[in-house]
Amino acid sequence: VAFNEEEYNTTELKVVLVPQTNQLDTEGSTLDGRLNGLISQILNNDLLFGAKFGETRLLSAADNEGLMNSVLLIGLGATENLTDYQFEKLGGKAHNFASRQKFNSIGLKLSSAIGSIDADRAAALFASGALLCSYRFDKYQTKKTEKEKFISQQLYLSTVNNDHAWSLFDEYRNVASGVFSARD
């Protein structure tokens, strides 16, 4: 896990959090522009994506420069009711999705508060959920191939204040370390 905008720009899978109002944040709008309005087209069709909490939709398309981009839309539902636990749950959902689809790196960029949770805290909680979800106890599962054991390795986040987000995440990282030790 790293809070770094330069690393975020190199990720294989970019995550866009979409509230029930379907209003994209700054980064979501930027990605939508690079993908020639594909995200907006999906959001305008409730049959394709309703932005309910935890709903996902993978988009893969070439951008304006001809480079392939993969974007994971994750629904937030009604943002005024979001809790810390729900942001952690979304991080775990993104990590599971990326691992199943064999994406090595995931990126999330938050530039403004979501509901009552500021961008730095939301990013730290998202990272915490992804980290907790990354735990695997496969010590005795020797018959699984490396492909079956694949797990996404990198999560890059970018927020308004990356240093502050990292300091918030550091506490969650210590908790996750304790959880992993207890599980082993």
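Not measured: the values here are computed from a predicted model.

### Some details on the nonpolar core
With 33 residues, the main nonpolar core has V15, L17, F87, L110, F126 and L157 as its most contacted residues. Contributions of two or more residues to this core are made by strand 2 (13-19), strand 4 (68-77), helix 4 (84-100), strand 5 (105-109), helix 5 (119-133), strand 6 (154-158) and helix 6 (162-183). Broken down by element, this core gets its largest block of residues, nine residues, from helix 5. For L157, the residues in contact, after removing those within four places along its chain, are V1, A2, F3, N4, L108, A123, F126, A127 and N162.

### So, the pairing of strand 4
Buried residues dominate strand 4, accounting for nine of its ten residues. When strand 2 meets strand 4, the two strands line up parallel, connected through seven bridges. Paired with K14 across the bridge in strand 4 is V71. As paired elements, strand 3 (residues 56-62) and strand 4 share seven bridges and run antiparallel to each other. What sits directly across from T56, in strand 4, is I74.

### With respect to helix 2 (residues 26-34)
Residues of helix 2 that are buried include every one of E27, G28, L31 and D32, and no others. Taken down its axis, helix 2 places every buried residue within 140° of arc, on the same side.

### Things to note about the side chain of N69
Considering the arrangement of structural elements, one finds N69 in strand 4. Classification of N69 as buried rests on a relative accessible area of 11%. A distance of 3.1 Å separates a polar atom in the side chain of N69 from a polar atom in the side chain of R34. A polar contact is formed between the side chain of N69 and the backbone oxygen of L67, at a distance of 3.0 Å. Ignoring any residue separated from it by four or fewer positions in sequence, one finds N69 in contact with R34, L35, L59, S60, A61 and D63.

### Remarks on unusual backbone geometry
One can expect most non-glycine residues to show negative phi and most peptide bonds to be in trans. Of note, N22 is a non-glycine position whose phi angle comes to about 65°, a positive value. Along the chain, the position of N22 falls in the loop between strand 2 and helix 2. The backbone of K102 shows a phi angle near 65°, a positive value even though the residue is not glycine. You can see K102 is positioned in the loop between helix 4 and strand 5. Exposure remark for K102: the relative accessible area of 36% places this residue in the partly exposed category.

Definitions and cut-offs
- Each chain carries its own residue numbering, running from 1 in the written order of its sequence.
- Selection of residues for local features in this predicted model requires a pLDDT of at least 70, selection of side-chain atom pairs for listing and counting requires 80 or more, and totals for whole chains, interfaces and linings are taken over all residues.
- The side-chain figures draw on all heavy atoms in the structure; neither hydrogens nor water molecules are used.
- Residues belong to a common nonpolar core when they are buried Ala, Val, Leu, Ile, Met, Phe, Trp, Tyr or Cys residues joined through side-chain atoms within 4.5 Å.
- Buried means the residue's accessible area, taken with a 1.4 Å probe over protein chains only, is under 20% of the maximum for its type, while exposed means over 50%, and partly exposed covers the values in between.
- Under the scheme used here, helices are H or I runs from DSSP no shorter than 4 residues and strands are E runs no shorter than 2 residues, and both carry numbers assigned from the N terminus.
- Two residues qualify as a contact provided that any one of their heavy atoms is within 4.5 Å of a heavy atom in the partner residue.
- Any two strands with at least two DSSP-identified bridges between them are counted as paired.
- Arc definition: directions from the helix axis to the C-beta atoms.
- Pairs of N or O atoms are called polar contacts if they sit within 3.5 Å, as long as, within protein, a hydrogen donor faces a hydrogen acceptor (for residues adjacent in sequence, only side-chain-to-side-chain pairs).

Any functional reading would require information that these geometric values do not contain.
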